[in-house]
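Structural characterization, general
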Amino acid sequence: MTSKVDEALSYEQARDELIDVVRRLETGGTSLEESLALWERGEELAKVCRRWLEGARARLDAALAEETEEEDAE
C-alpha cells in the first residue's frame, strides 16, 4: 500500500528516486536490513510510476477514441 506522500510524487520524482534506489542496491555495501528496506521502497516507487503510466495511457486512449469518433461522424 502506498502512502499519501508517495501518491503526491510526480512521475519524475518517483522515477528519479527509484533510479537512486537501484543504484544503491547495485553498488552493494549495505546491510541485509537496509537492502530489504531499499527493495521495499523500490517496489513502492515502481507502483507510483506504474500508476502514472497507466493514467497517461488511459488519457491517450480516450483522446484517440474521441478523435476516431469525430472522424467517423464526418
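Structure report, in brief. Since this is a predicted model, take the numbers as computed values, not measurements.

The secondary structure content of the protein amounts to 3 helices and 0 strands. When its helices and strands are written in sequence order, the protein yields α-α-α. Rg of the C-alpha trace for the protein: 18 Å, well past the compact-globule value of 11 Å for 74 residues, more than 25% over. Along the first, second and third principal axes, the C-alpha set of the protein runs to 65 × 25 × 15 Å. Here the protein, with 74 residues, has 15% of them falling under the buried criterion. In the protein, the proportion of contacts linking residues at least 24 apart, taken out of those at least 6 apart, comes to 74%. Within the structure as shown, the protein displays about 6000 Å² of accessible surface, and the carbon and sulfur contribution to it stands at 54%. Side chains of the protein give 10 positive and 21 negative charges; the mean places of these two sets differ by 8 Å.

Looking now at a negative patch on the surface. Among the surface-exposed residues, Glu66, Glu67, Glu69, Glu70, Glu71, Asp72 and Glu74 lie close enough to one another that they form a single negatively charged patch. Tracing the backbone through its elements, the reader meets Glu71 in helix H3 (residues 32-73).

Quick look at the nonpolar core now. By size, the foremost hydrophobic cluster in this structure holds 7 residues: Leu9, Ala14, Val21, Leu38, Leu45, Val48 and Cys49. Elements represented by at least two residues in this core include exactly helix H2 (11-27) and H3. Per-element accounting of this core gives the leading share, 4 residues, to H3. Contacts of Leu38, omitting those with residues within four sequence positions, involve Val21, Arg24, Leu25 and Thr30.

Moving on to the pattern of salt bridges. Under the defined criterion, the tally for this structure stands at 4 salt bridges. When the shortest N-O distance is used, the salt bridge between Glu34 and Arg24 registers 2.8 Å. Taken together, the positions of Glu34 in helix H3 and Arg24 in helix H2 put the pair 10 residues apart, joining distant regions of the chain. The class for Glu34 is partly exposed, based on a relative accessible area of 33%.

Conventions we followed
Residues numbered from 1 in each chain as written. Predicted model: local features only at pLDDT ≥ 70, side-chain atom pairs only at ≥ 80, totals over all residues. Heavy atoms only, no water. Helix = DSSP H or I, 4+ residues; strand = E, 2+ residues; numbered from the N terminus. Rg over C-alpha atoms; globule rule 2.2 N^0.38 Å. Buried < 20%, exposed > 50% of the residue type's maximum accessible area, 1.4 Å probe, protein only. Contact = heavy atoms within 4.5 Å. Areas by Shrake-Rupley, 256 points an atom, 1.4 Å probe, with all protein chains shown as cover. Lys, Arg positive; Asp, Glu negative; His and termini not counted. Charge placed at Lys NZ, Arg CZ, Asp CG, Glu CD. Patch = residues over 30% accessible without salt bridge, like charges linked within 9 Å, V, L, I, M, F, W, Y side chains within 5 Å. Salt bridge = Lys/Arg side-chain N within 4 Å of Asp/Glu carboxyl O. Core = buried A, V, L, I, M, F, W, Y, C linked by side-chain atoms within 4.5 Å.

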